[in-house]
Amino acid sequence: MSNPKVSDSRGDLHLNRLTKRFADFIAVDDLSLTVPRGSFFALLGPSGCGKTTTLRMIAGLEEPTQGMISIGDTDITTAKPYRRPVNTVFQNYALFPHLTIFENIAFGLRRRGVKDVKKDVDNVLELVELGHLAERKPNQLSGGQQQRIAVARAIVNKPEVLLLDEPLGALDLKLRRQMQIELKRIQMEVGITFIHVTHDQEEAMTMADTIAVMNQGKIEQMGSPAELYESPKTAFVANFLGQSNLIKGKVNSRSGANASVNIHGIDIEVPITRMASHGDSVLIGVRPEKLNINAKSKNSIGNGTVTDASFVGVSTQYLVKTSWDEELVVFEQNDAGAPDIKVGDTVSLSWEPAHTFALDGNQDLAAGADVDHEAD
Amino acid sequence: MAFLHATAHASAPAIDNAAKKRSLTPYFLLLPGMVWLIGFFVLPIATLASTSTMTRPDGAAVGTYVQSLRFQNYLDAFSANKDQFFRSFIYAGIATLLALAIAYPLAYMIAFKAGKMRSFLLVLVVAPFFTSFLLRTIAWTQILGDEGPVVSFLKALPFFSNDIRLTSTPFAVVSGLTYNFLPFMTLPLYASLERIDPRTLEAAGDLYANGLTTFRRVTVPLSMPGVVAGTLLTFIPAAGDYVNAYLLGNPNTRMIGNVIDSRFFAIVDYPTAAALSFTLMAAILILVTLYIRKSGTDELV
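Residues numbered from 1 in each chain as written. Chains lettered and ligands numbered in written order. Predicted model: local features only at pLDDT ≥ 70, side-chain atom pairs only at ≥ 80, totals over all residues. Heavy atoms only, no water.

Engineer: Outline the sheet that holds strand 7 (residues 161–165) of chain A, listing residues and values.
Structural biologist: Residue and element names in this part refer to chain A. Taken in spatial order, the six strands make up an open sheet running 6-7-8-3-9-10, and their pairing is mixed. Edge positions in the sheet fall to strand 6 (86–89) and strand 10 (218–223), since each has one partner strand and no second. Each neighbouring strand pair of the sheet contributes to a mean axis angle of 20 degrees, computed without reference to strand direction. Across five bridges, the pairing between strand 9 (residues 210–215) and strand 10 is antiparallel. Each residue of the ladder has a partner; that of Ala212, found in strand 10, is Met222. (Pairing = 2+ DSSP bridges. Helix = DSSP H or I, 4+ residues; strand = E, 2+ residues; numbered from the N terminus. Axes fitted to C-alpha atoms, helices over the stretch in contact; angles between N-to-C directions.)

Dropping the structure here:
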């Protein structure tokens with residue numbers, strides 16, 4: 001009993017057509033995914049998108065309705081949680097309040113019958129830089145310290161996969177930033193596969209090598225942070241990851257490297273390689289910082305009226321109402337050449353074709369924009 | 001500046017008064033409780049203590065006692081009734097253990113598995129209090145009676161003789177004690193189990209502990225405050241109880257409560273009854289102190 005057989009499978013984590021149905025809704029819908037061994041992987045999505053359910057199925061805390069989970073070649077779909085080479089950092093840390101920090105960390109080692117736990121525990125305490133707190137009880141620690149102990153308690157077991165369920169949700173902004181860097185450092189040092197569930201797109205982008213954006217039980221898009229940001233494939237991803245200006249348009253022609261798209265009577269160019277749709281009806285997307293005010297970039301949409309300006313330090317964010325009455329967001333760097341623009345001014349807007357992306361036109365312009373990023 | 005000085009001076013006495021009023025408020029709030037405690041706890045205890053060392057003058061009427069500081073009363077009372085003393089603690093101890101064994105799974109089920117039934121089950125735990133304690137105890141004489149279901153069932157089994165009786169036995173007394181104090185065990189256990197974060201248990205499973213190990217290493221330690229509170233709330237009144245032994249027992253199952261009862265009301269031997277009451281109180285206090293020390297939960301209770 002003190003030495004349960006823990007599967008020692010090694011390799012990539014595969015989710016194959018995983019589905020979880022609860023009584024009245026489908027939390028995870030036919031999800032397939034491969035997480036390469038040793039990567040820092042983020043599952044990103046609004047609350048209720050099924051990311052935590054996915055995590056709990058990997059941990060063995062929920063049983064999938066359908067589908068398969070495997071690590072390397074070993075099927076762990078129905079294995080008990082205590083038989084999986086997987087450890088979890090829980091959202092509220094779930095430290096054992098009756099045990100000291102040392103015993104909290106040693107818990108997993110002792111259950112597996114490791115004889116000399118002191119060295120391992122001391123090493124991992126050193127890794128999270130909290131060696132001096134070994135004899136304290138969890139409630140004597142600050143939130144950030146508890147968070148690091150929760151990570152230490154999981155990685156001391158050298159799991160094949162470490163699951164992190166919104167691990168930074170309870171921390172304040174400054175501490176969260178610090179812990180993001182800290183977690184990334186730990187991941188690089190131990191080389192374990194990290195799967196990080198979060199609703200915070202900034203957190204996911206800061207930390208992960210690969211992000212899977214989830215919405216309503218499905219993966220909308222998967223890729224590196226830069227890939228997702230520069231070339232979103234759906235309106236949801238475009239709006240959920242940062243901000244996007246989406247404009248309805250019709251494809252005039254596709255010839256050579258660029259397509260010509262008509263938006264509200266103005267023809268602009270979009271690189272064919274950045275078009276996610278083959279249809280004629282498209283959504284044209286431009287990130288706010290790629291829009292230029294009073295400059296002569298190739299895709300020009302003429303004049304608009306500034307309706308709002310807010311200074312946020314590194315940049316100023318403008319809302320500009322276009323000739324077709326859509327408000328576009330524009331970020332202007334506050335550097336030497338920053339123009340002096342006030343609300344009510346008339347300005348011209350333009351951008352480079354290379355910064356344009358085009359999506360399938362049959363989507364809600366606001367998909368993913370109205371979801372609450374900070375919801376828990 | 002002058003203006004500031006003036007206001008400072010003017011307001012100083014007002015602040016003083018306010019501070020004085022505030023410092024008296026706690027005592028006013030304490031007053032009802034203190035009066036109650038003095039009238040219904042301190043004075044009776046003092047009277048009882050003084051009674052316990054009285055003696056009856058030669059030739060005085062029954063029930064007439066004078067103070068003579070005879071501490072020998074305690075030794076006499078104890079040595080004459082030590083069987084009942086030990087019996088009380090043994091019965092109360094067995095009843096406490098049985099109640100714990102019954103209440104723990106019950107409280108665990110209500111706290112973790114009952115779902116929407118939780119409130120309803122809690123009401124059921126408390127429901128017996130809606131009828132009289134005496135009535136419920138008398139009902140046990142029928143449950144355990146010679147023609148009752150329990151005896152009939154036992155008689156049907158091969159390893160009991162046909163003249164088996166359960167009423168007026170130690171078994172009946174302990175059953176009655178266990179039954180009567182079960183809610184006092186269940187409720188504190190439920191309260192402490194319900195406070196356990198289920199994610200702590202999930203974390204144990206995640207850290208390679210199977211169900212049994214999780215229960216031993218996490219659930220039980222975290223429910224210790226409830227175990228301690230429940231066992232105290234059961235053991236203390238059970239040790240002093242006399243109703244169960246009176247209604248369900250026989251002369252050989254008399255507990256110390258029965259002795260005190262008969263000394264006070266039948267024999268009218270106030271000093272012995274008072275001395276026994278004090279001895280019982282001291283014994284329980286010592287046992288409880290040792291128990292709390294041993295279980296190491298003083299910070300949790």
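Engineer: Hey, could you go over the interface of chain B and chain A for me, with residue numbers and the actual values?
Structural biologist: Contacts between the two partners involve 20 residues from chain B, matched on the other side by 26 residues from chain A. Taking both sides of the interface into account, the surface hidden between chain B and chain A amounts to around 2100 Å²; carbon and sulfur atoms contribute 62%. The three residues of chain B that bury the most area against chain A are Asp206(B), Leu207(B) and Tyr208(B), which together make up 40% of that side's buried surface. Counting across the chain B and chain A interface gives one salt bridge. We note a salt bridge from Glu202(B) to Arg56(A), for which the minimum N-O separation is 2.7 Å. For the pair chain B and chain A, the interface holds seven residue pairs in polar contact (both at pLDDT 80 or more). Of all the secondary structure elements, the ones that give two or more residues to the side of chain B that touches chain A are helix 8 (198–206) and helix 9 (211–240) of chain B. In terms of residue count, the dominant contributor to the side of chain B that touches chain A is helix 9 of chain B (eight residues). Across the side of chain B that touches chain A, the residue classes break down as nine nonpolar, five polar and six charged. (Contact = heavy atoms within 4.5 Å. Buried area = accessible area lost by both parts, 1.4 Å probe. Salt bridge = Lys/Arg side-chain N within 4 Å of Asp/Glu carboxyl O. Polar contact = N/O pair within 3.5 Å; in protein donor to acceptor, adjacent residues only side chain to side chain. Nonpolar A, V, L, I, M, F, W, Y, C, P; charged D, E, K, R; others polar.)

Engineer: Kindly report on a nonpolar patch on the surface, identifying the contributing residues and their values.
Structural biologist: Together, Leu24(B), Tyr27(B), Phe28(B), Leu30(B), Leu31(B), Met34(B), Val35(B), Leu37(B), Ile38(B), Phe41(B), Val42(B) and Leu43(B) give the surface a local cluster of nonpolar side chains, amounting to about 1200 Å² of exposed area. Position of Phe28(B) among the secondary structure elements: in helix 1 (residues 2–51). (Patch = residues over 30% accessible without salt bridge, like charges linked within 9 Å, V, L, I, M, F, W, Y side chains within 5 Å. Areas by Shrake-Rupley, 256 points an atom, 1.4 Å probe, with all protein chains shown as cover.)

Engineer: Tell me about the packing of helix 2 (residues 101–111) of chain A against helix 3 (residues 118–127) of chain A, and please be specific about residues and values.
Structural biologist: In a packed pair of helices, the relevant descriptors are the angle between the two axes and the axis-to-axis distance. Residue and element names in this part refer to chain A. Relative orientation of the contacting elements helix 2 and helix 3 amounts to 120 degrees, with a least axis distance of 10 Å. Classified by the angle between their axes, helix 2 and helix 3 sit oblique to one another. Relative to helix 3, helix 2 is oriented so that their crossing is right-handed. Residues Ile101, Phe102, Ile105, Ala106 and Leu109 of helix 2 form the contact with helix 3, whose participating residues are Lys118, Asp120, Val121, Asp122, Val124 and Leu125. Grouping the constituent residues of the contact of helix 2 with helix 3 by class yields eight nonpolar, no polar and three charged. (Parallel < 35°, antiparallel > 145°, perpendicular 65-115°, else oblique. Left-handed = near helix turned anticlockwise from the far one by under 90°.)

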